[in-house]
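# Analysis of the macromolecular model
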Amino acid sequence: MSTENEGTAVPADQAAPSAPPPPPSAATPDLTEPLPTTPDPATETYPASLSDTSAASGPSAAEPTRPLPTPPQPTQPPPVSSAGEQEQTRALPTTPASSSAPVPPAAAPSPAPAPAPAAPAPEPVAVGAAGAGAGAAAGGWPPPPPAVPAWGAPLPPGPPVPSGPRRRTGGLVAAVLVAALVAGGVGGGIGYWAAERGDNGPSSTTVSSGDAPAAFKRDPGTVAAVAAQALPSVVTIQAKSGGAQGEGGTGTGFVYDQEGHIVTNNHVVASAAEGGTLSVTFPDGKRYDAEVVGRAQGYDVAVLKLTNAPKGLKPLPLGDSDKVAVGDSTIAIGAPFGLSNTVTTGIISAKNRPVASGDGNGGGNSYMSALQTDASINPGNSGGPLLDGSGAVIGINSAIQSTGSGFGQSQAGSIGLGFAIPVNQAKNVAQQLIRTGKPVYPVIGATVTMNEKGEGATIAPQGSGGTPSVTADGPAAKAGLKAGDVITGFGGHQIDSGPTLISEIWTHKPGDSVKVTYERDGKTSTATVVLGERTGDS
């Protein structure tokens, strides 16, 4: 039973059973009269079922106060009224639909107070009868109070609960959405302001990929720096023969001195040496005519001279090929297949490699104890400089090893085996050619076979045209060498063939004393040979 509807008298439900009719002499009040909207709390009469005491509304009678009935224990049945009296049990009063005055929504019923375990259950009272008698004695007002429902009987359904929480939830969702929209707008505005400030501010660190530093400089010793320093002194040579067809080729050379001498390979200029023409082109495109000063077929070295040499020529510095080590960096510059100013790189892959190559025109062979490099060298690179990491010339590119064609200057491409004349040897030859125009070769005064390989260089039974193989009173004869001796060592280098022996001899100068190791009749012996000389290629 709810006791929270204080402040407004609720009319009895017309559809529910009413209290017993009053005695005939008493006037029955009109229960259909609308109740006042806001009764005076001081004069309002509370039902007898309330636990507090209220003043009776009659002029002389006082309503006796009764305690609220204590609910019986769950095991006891509810009390039953005596015969002749009807226990009044009806639902909580509801607001009639015809009432014109708005009634505030009733709060949810509060639970009945819990029974005290120690108090005895009072005697049940017929609340309906007592309330009706008091109302009749008082002249019919106030109307009978609602009857107390029987203990354990289900409560009738109350008025519908308004959907206040649902409205509050909707309002909360709307508030969250509004806050999100406001936050998004504020964040977008701040982002736009920051972007505009970043675009116009001086603190941007974004660098375009195309913006190169204006003061960028390459460190000395890099390939780019060495190439930039050397390229102005490297030239492309065009040689044409004096024949009707004007055959020729293209090679490379480099500036040797400020007088206009150009050093290159003999096989580059051999076709134009007899009545042909030569021209030299610098990287800046300037072209000059040139002529042959001298050439050494056996060394594969030639020297040209510009006919109208310009001033300010910068000769390339010359290094020391004897100090080169395997693994040192190399840079090759030339015109492979006519592609001028080409730069390739590699390392020294071997030293003292014996190489014999022809000039490509059926002439005599050249011999060298070469520097081997894996820098790409192709036809057209011949005569160009092989530089070390500092930019100094350590060799003259001369030959390549190609598949199936042996050593030479054929049109086969590079397979990573290129050979260069050591610059120490080339310098001696160039100086000799500039002075006399003819090469000078050191000799031992003996003819050796050129076919055997792997067992040394054998002195032939006889020389060309039936002449003795050992020149009388020559260097070999004076050292005690004879025909049939096998030379296995020369100047501390192992000799495995005739070309290898010649290559090692030509690394020296006439007049040098060299130790020779040889075998005769299965015995190994040594001797010292003082090298002689031969002038020219004939």
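The structure under discussion appears in the preceding block.
It should be emphasised that the depicted structure is a prediction, and the values quoted were computed from it without experimental measurement.

### A closer look at the overall build of the protein chain
The secondary structure content of the protein chain amounts to 7 helices and 20 strands. Per-residue burial over the protein chain gives 33% buried out of 538 residues.

### Re helix 5 (residues 423–436)
Taking 1.5 Å per residue as the helical rise, helix 5 with its 14 residues ought to reach 20 Å, and the 20 Å between its terminal C-alpha atoms agrees with that figure. Taken together, the buried positions of helix 5 are occupied by V423, N424, Q425, A426, V429, A430, Q432 and L433.

### Here's the deal with the nonpolar core
Ranked by size, the top nonpolar core spans 50 residues in total, and within it L387, I444, F490 and L501 carry the most contacts. No other element matches helix 5, which puts 5 residues into this core. Contacts of I444, omitting those with residues within four sequence positions, involve P475, A476, I487, F490, L501, I505, V529 and L531. Counting 17 residues, the second-largest nonpolar core is a separate cluster that includes V255, I262, L304 and L306.

### Focus: the sheet that holds strand 1 (residues 234–240)
Taken together, 6 strands build a closed barrel; the order of strands is 1-2-3-6-5-4 and the barrel is antiparallel. Each neighbouring strand pair of the sheet contributes to a mean axis angle of 40°, computed without reference to strand direction.

### Observations concerning helix 7 (residues 498–505)
Of all 8 residues that make up helix 7, 8 are buried, and the element is covered over most of its length. Along helix 7, the residues classified as buried are G498, P499, T500, L501, I502, S503, E504 and I505. Considering only its buried residues, helix 7 is in contact with strand 8 (342–357), strand 9 (366–373), strand 14 (440–443), strand 15 (457–458), strand 16 (486–490) and strand 17 (493–494).

### Remarks on the pairing of strand 6 (residues 301–306)
The buried fraction of strand 6 amounts to 5 of the 6 residues, a majority that puts the element mostly inside the structure. Pairing analysis gives 6 bridges linking strand 5 (residues 287–296) to strand 6, with the strands arranged antiparallel. Within strand 6, the residue paired with A296 across the bridge is V301. Between strand 5 and strand 6, which pair antiparallel and follow one another directly, the connecting turn spans 4 residues, one of which, D300, has a positive phi of 60°.

### Some words on the packing of aromatic side chains
A full pass over the atoms with the stated rule returns 5 aromatic pairs. Relative to W506, the ring of Y367 lies with its centre 5.8 Å away and its plane at 70°, an arrangement referred to as edge-to-face. With Y367 in strand 9 and W506 in the loop between helix 7 and strand 18 (513–520), this pair connects stretches of sequence that are 139 residues apart. Each member of the pair, Y367 as well as W506, carries the same accessibility label: buried. Connected via pairs of aromatic rings, a cluster forms that spans Y299, Y367, Y441 and W506.

### What about the pattern of salt bridges?
Within the structure shown, the criterion is met by 1 salt bridge. Of the charged contacts in the structure, one is a salt bridge between R520 and D485, with a shortest N-O distance of 2.7 Å. Linking R520 in strand 18 with D485 in the loop between helix 6 (475–479) and strand 16, this pair joins segments that are 35 residues apart in sequence. Here D485 falls in the buried class, since its relative accessible area comes to 2%.

### What to know about the side chain of N266
If you trace the backbone, N266 turns up in helix 4 (residues 266–269). Residues within four places of N266 in sequence aside, it is in contact with R295, A296, Q297, D300, V301 and A302.

### A word on the side chain of T500
Considering the arrangement of structural elements, one finds T500 in helix 7. Given a relative accessible area of 7%, T500 falls into the buried group. Ignoring anything within four residues of it in the chain, the contact list for T500 reads P354, Q494 and I495.

### A short note on the environment of K438
Here K438 shows up in the loop between helix 5 and strand 14. Ignoring sequence-local partners within four residues, the contact set of K438 consists of Q432, L433 and T535.

### Points about the pairing of strand 13 (residues 418–422)
Where a strand is regular, its side chains alternate between the two sheet faces. Counting buried positions along strand 13 yields 5 of 5 residues, so the element is predominantly enclosed. As paired strands, strand 9 and strand 13 are joined by 3 bridges and run antiparallel to one another. Looking at the pairing, Q372 lines up with F419 of strand 13. As judged from the 5 bridges shared by strand 11 (residues 393–402) and strand 13, these two strands associate in the antiparallel manner. Bridge pairing in strand 13 links N397 to A420.

### Examining the environment of A309
In this structure, A309 sits in the loop between strand 6 and strand 7 (329–334). Residue contacts for A309: discarding those within four places in its chain leaves E259 and G260.

### Focus on unusual backbone geometry
Trans peptide bonds make up the majority, and among non-glycine residues the majority have a negative phi. Phi angles above zero are rare outside glycine, and N352 is one such case at about 55°. Structurally, the position occupied by N352 is in strand 8. You can call N352 partly exposed: its relative accessible area is 38%. Of note, the phi angle at D473 is positive, near 60°, even though the residue is not glycine.

Criteria and thresholds
- Residues numbered from 1 in each chain as written.
- Predicted model: local features only at pLDDT ≥ 70, side-chain atom pairs only at ≥ 80, totals over all residues.
- Heavy atoms only, no water.
- Helix = DSSP H or I, 4+ residues; strand = E, 2+ residues; numbered from the N terminus.
- Buried < 20%, exposed > 50% of the residue type's maximum accessible area, 1.4 Å probe, protein only.
- Expected span 1.5 Å × (residues − 1).
- Core = buried A, V, L, I, M, F, W, Y, C linked by side-chain atoms within 4.5 Å.
- Contact = heavy atoms within 4.5 Å.
- Pairing = 2+ DSSP bridges.
- Axes fitted to C-alpha atoms, helices over the stretch in contact; angles between N-to-C directions.
- Phe/Tyr/Trp six-rings, centres within 6.5 Å; stacked < 30°, edge-to-face > 60°.
- Salt bridge = Lys/Arg side-chain N within 4 Å of Asp/Glu carboxyl O.

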